[in-house]
Amino acid sequence: MTYGRYLDQAAGAIAAAQVNLRRPAPGSLADHAAAAIARTHLYRALERQVRRLSARAEENDLVRELHHATHTTVVEIPASPPTNHPVASALSQAADAARIASDILNVQFEPLTGRPRSPEGFAMQASSFRADALGRLAQLARAASETDRSLAAWLTKGIAAGSHQLIVRTAASDALTTSLTLPHVADAVASDAPLGSLLRDLRPPPLTDAEQPWTSITSPADCALALDVARTWLVQHYQSLTAVDLKVMLRTGLALTYEIDYLIGIAPPGTRSTGNVDILASVWRGAARAANHMHTLGSTTPGVGPAIVAAVETWLRSQLRGGGEWQKPEVILRSTGAEAWQDSAAALSGRMPDLVTLVHQGALSAMRRGDMLEPDPRQQQPFNRTLRPKWIRAGPASLHGSTLLRFTGQLREKTIFMAKEAKAVVLPGFHEAKRHKSTAPKLPRPRRKPLAVPSTPDGAPRSPSSQPSGGRRSLVARGNAEGQPIAGTQASKWPHRHEQERSEPHLYGDGPEGEPSL
């Protein structure tokens, strides 16, 4: 089941416990112990989830109250004894569902660093998605606190009847206190809005350590699942992409663009709006050609994510344009899986914006690391095959590096336009998390002291621009002298980079000799 289903299951079990506590049957020692243990597990599972998502002051208040709900209970909770009592059974079901939901939520993040390890983990860092989950968790906490008053009375009867177990005594004390303090704090966070689809359908991230389980594609639904796996892999590895990874992703993305466009064309009439796939394809093509000039030392085998995306495209190509010719739309629409093919247009196009955002971030991270290389443009001797090629570090200021970043930076906007054509819901992820951080309130900057303008010997103030520039020139000269050569050459400062880009023929024309045509 999904995260939302487990929360619903927990809510139903809490409601059942409330009903059974109206006229509770007498319980045995095991029944009271099982109920006390289940209550502790329930509150601590809710606390773990709210602690993961909380950021604002009122949300931190909810974390504090949930922690206080079990603060007198021992840290080590004993194993629950078997019981058939309706109160203990209902609370045990609520606790089990809440604990599984907590595991599904927390596994989206690295346990030590708290860094997201799935696209959904990044999306939950955005305020709108956190608010949905926190509102639902606050509702559960409110319902549990409403149960506590009756539960405390029932556990107290068990203590009077001879149950002297420590867990029962502490749970009764905590329940009595929580029933008075928690409802008011939970009401400040609770929301009547339904849980969003992202969180309702949340599952544990797929394992991405091997490509074999995800490359056996037999249906359009498998294609959508494979893209989710590839996005998860990119979230975990976008900071270590190689040139081979970028080449495979960009060349495959170009082919996927035409195949998704074909699927949008066979969707139900009236779905598609006016669009031009060639514009998006030209951006993919420009990025792919720039990546073709890149090189990374090390393995020449693409990673799991790029290999999975390539498998998706290979299968789609075999189904949609086998033999080099596109299938006639009526052949697809009359097949047994016609409905799945029509739905696949929205499923695939809705995943592409997050995918290309991660590709762009991967290219940017590779250049920041400094291990992405490109040919030195100063070596202009194409006819002399005896010379060894010289390489420089690719970066935002280099010829092919700037071209790659420019084109990959345009892909998100263009793929969103294609998703709108398919009437698809764009899946959130990395972009939403970064946008939330960029729009978060910032602390005011300290005021700068006014610039002291030096005076000339005659007493007239001197403009800062009239100061001698020898110091600045010496710094530049020293920086040039300290540059590190790569493969026998030294990185240039690109004084005429823009003129070279305007005159370069490979951006939209044919690539260098021996380079595959895009």
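Each remark here, short or long, concerns the structure printed above.
Below or above, wherever it landed, is the structure these notes cover. The structure displayed is predicted, hence computed values, not measured ones. (Residues numbered from 1 in each chain as written. Predicted model: local features only at pLDDT ≥ 70, side-chain atom pairs only at ≥ 80, totals over all residues. Heavy atoms only, no water.)

### Focus on the nonpolar core
Ranked by size, the top nonpolar core spans 67 residues in total, and within it Leu234, Leu250, Leu263, Trp284, Leu316, Leu348 and Leu404 carry the most contacts. Looking at this core, the elements that each hand over two or more residues are α9 (220–237), α10 (243–265), α11 (277–291), α12 (304–320), α14 (338–349), α15 (352–369), α16 (399–421) and α17 (430–439). In this structure Leu250 touches Trp284, Ala287, Ala288, Ala291, Val359, Leu404, Thr408 and Leu411, once residues within four positions along its chain are discounted. (Core = buried A, V, L, I, M, F, W, Y, C linked by side-chain atoms within 4.5 Å. Buried < 20%, exposed > 50% of the residue type's maximum accessible area, 1.4 Å probe, protein only. Helix = DSSP H or I, 4+ residues; strand = E, 2+ residues; numbered from the N terminus. Contact = heavy atoms within 4.5 Å.)

### Thoughts on the side chain of Glu65
Turning to its location among the elements, Glu65 is positioned in helix α3 (residues 57–68). There is a polar contact of 3.1 Å between the side chain of Glu65 and the side chain of Thr181. Every residue in contact with Glu65, bar those within four places of it in the chain, is listed here: Thr181, Leu182 and Val185. (Polar contact = N/O pair within 3.5 Å; in protein donor to acceptor, adjacent residues only side chain to side chain.)

### Structural notes on the pattern of salt bridges
Summed over all chains, the structure comprises 16 salt bridges. Two residues, Asp61 and Arg64, come together in a salt bridge whose shortest N-O distance is 2.9 Å. In this pair, Asp61 and Arg64 are both assigned in helix α3, three residues apart and thus about one turn of the helix distant. Its relative accessible area of 45% is what places Arg64 among the partly exposed residues. For Arg142, the salt bridge goes to Glu146, with nearest N and O atoms at 2.7 Å. With a gap of four residues between them, Arg142 and Glu146 both fall in helix α6 (residues 127–160), about one helical turn apart. Residue classification places Arg142 among the partly exposed residues on the basis of a relative accessible area of 24%. Judged by its relative accessible area of 45%, Glu146 falls in the partly exposed class. In this structure, a network of salt bridges that share partners links the residues Asp228, Arg231, Arg351 and Asp354. (Salt bridge = Lys/Arg side-chain N within 4 Å of Asp/Glu carboxyl O.)

### Regarding α12
Between its terminal C-alpha atoms α12 stretches 24 Å, which fits the 24 Å expected from 17 residues at 1.5 Å a residue. Extensive coverage of α12 is indicated by the burial of 12 of its 17 residues. Every buried residue of α12 is accounted for by Val304, Gly305, Pro306, Ala307, Ile308, Val309, Ala311, Val312, Glu313, Trp315, Leu316 and Leu320. Looking at the buried positions of α12, the neighbouring elements they touch are α9, α10, α13 (329–333) and α14. (Expected span 1.5 Å × (residues − 1).)

### Quick notes on helix α2 (residues 29–53)
End to end, α2 covers 37 Å across 25 residues, agreeing with the expected 36 Å (1.5 Å per residue, within 8%). Of all the 25 residues making up α2, 19 are buried; the element is thus mostly covered by neighbouring parts of the structure.

### Let's talk about the packing of α2 against α3
Interhelical geometry of α2 versus α3 gives an angle of 155 degrees and a closest axis separation of 9 Å. Classed by the angle they form, the pair α2 and α3 counts as roughly antiparallel. Along this stretch, α2 crosses α3, giving a crossing that reads as left-handed. Mapping the contact onto sequence places Tyr43, Leu46, Glu47, Val50, Arg51 and Leu53 in α2 and Glu59, Leu62, Val63, Leu66 and His67 in α3. Split by residue class, the contact of α2 with α3 holds seven nonpolar, one polar and three charged. (Axes fitted to C-alpha atoms, helices over the stretch in contact; angles between N-to-C directions. Parallel < 35°, antiparallel > 145°, perpendicular 65-115°, else oblique. Left-handed = near helix turned anticlockwise from the far one by under 90°. Nonpolar A, V, L, I, M, F, W, Y, C, P; charged D, E, K, R; others polar.)

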